[in-house]
Amino acid sequence: MSPRPALGGPASLAPAVADVVILLDCDNTLFDNDRLEQDLRDRLAREFGAAGRDRYWAFLEELRGALGYADFLGALQRCRPDDRCDPRLLRMSGFLLDYPFADRLYPGVLDVLERLRVVGPTVILSDGDVVFQPHKLQRSGLWTAVEGRALIYIHKDRMLADVAARYPARRYVMVGDKLRVLAAMKDVWGDRLTTVFARQGHYAFDPKHLATYPAADLTIERISDLDPERFSAPHQE
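Residues numbered from 1 in each chain as written. Predicted model: local features only at pLDDT ≥ 70, side-chain atom pairs only at ≥ 80, totals over all residues. Heavy atoms only, no water.

Caption draft 1: Layout of the environment of L105. Position of L105 among the secondary structure elements: in the loop between α3 (87-97) and α4 (109-116). Between the C-alpha atom of L105 and that of T29, which follows or precedes it by 76 residues, the distance is 9.0 Å. Not counting the four nearest positions on each side in its chain, L105 is found in contact with L30, F31, L110, S140 and L142. (Helix = DSSP H or I, 4+ residues; strand = E, 2+ residues; numbered from the N terminus. Contact = heavy atoms within 4.5 Å.)

Listed below in structure tokens is the structure:
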């Protein structure tokens, strides 16, 4: 979600065209979202038992299917019994908002983002809601690391025209853990885009996912392996 000028303020100048813009997914690319989900499952089981945990997760998956992203706070709201107050739900809200996001960054992430600065602007390109996802970026330190250059959509791979308007460039690099998203973006931008598959998180090892979508231009085993020098000039095989 990128900052916009206040209503009634002066019109923004057209952004300069960069040689290359580095786009990076957040969840399971920069941030270990699988670990967050496991910690959340464990805490739900302690507070509500296995049945309560599974009830929450059913709401979460229902919302994921309807909205296109994981609405952790929305699923918690659905667990609220009518107009009654359950203190356990209030504690779960605090657990999510006060979660140690900075401790769940993958090793070396901030160093990688710093090194990428010499190549071009780094932009976090993520899916999510307008409360929890930016909160995660801010509390983890990612928002500061990219100087606020963050875009949060519902389906980011369908919003490339908006991405290009906000951060115009002759070339783009997209780093992510989902081959489906990388392939969809490659279909739109073609050779203008270099895709980088980060083999982290459960999607990156899903056999069906791997068999369904084409390989990325580059594959790295972990985000700390990302080499900025690969993108300082058009990638050549």
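There's plenty left to go through after this.
Caption draft 2: Here's a closer look at the pairing of strand β2 (residues 122-127). Along β2, six of the six residues are buried, which leaves the element largely enclosed by surrounding structure. On β2, burial covers both faces: T122, I124 and S126 on one face and V123, L125 and D127 on the other are all buried. Pairing of strand β1 (residues 18-24) with β2, which is carried by three bridges, proceeds in the parallel orientation. Residue pairing for β2: L24 is matched across the bridge by I124. (Buried < 20%, exposed > 50% of the residue type's maximum accessible area, 1.4 Å probe, protein only. Pairing = 2+ DSSP bridges.)

Caption draft 3: Region of the structure containing the sheet that holds strand β4 (residues 169-176). With parallel pairing, the six strands of this open sheet are ordered in space as β3-β2-β1-β4-β5-β6. The open sheet has two edge strands, β3 (150-153) and β6 (218-220), and neither has a second partner. Adjacent strand axes in the sheet meet at a mean angle of 20°, parallel and antiparallel pairs treated alike. Along the sheet, helix α8 (residues 179-189) contacts β1, β2, β4 and β5 (193-198); its crossing angle with β5, the most-contacted strand, is approximately 175°. (Axes fitted to C-alpha atoms, helices over the stretch in contact; angles between N-to-C directions.)

Caption draft 4: Local environment of the environment of D191. Looking at the secondary structure, you find D191 in the loop between α8 and β5. Taking relative accessible area as the criterion, D191 reaches 79% and is therefore assigned exposed.

Caption draft 5: Structural context of the packing of helix α1 (residues 33-67) against α3. The geometry of α1 relative to α3 is characterised by a closest axis approach of 11 Å and an angle of 160° between their N-to-C directions. As judged from the angle between their axes, α1 and α3 are roughly antiparallel. In this structure, α1 crosses over α3, and the sense of that crossing is right-handed. Contact residues: α1 offers D39, L40, R43, L44, E47 and F48, while α3 offers R88, L89, R91, M92, F95 and L96. Its residues assigned to classes, the contact of α1 with α3 comprises seven nonpolar, no polar and five charged. (Parallel < 35°, antiparallel > 145°, perpendicular 65-115°, else oblique. Left-handed = near helix turned anticlockwise from the far one by under 90°. Nonpolar A, V, L, I, M, F, W, Y, C, P; charged D, E, K, R; others polar.)

None of this, on its own, says anything about what the molecule does.
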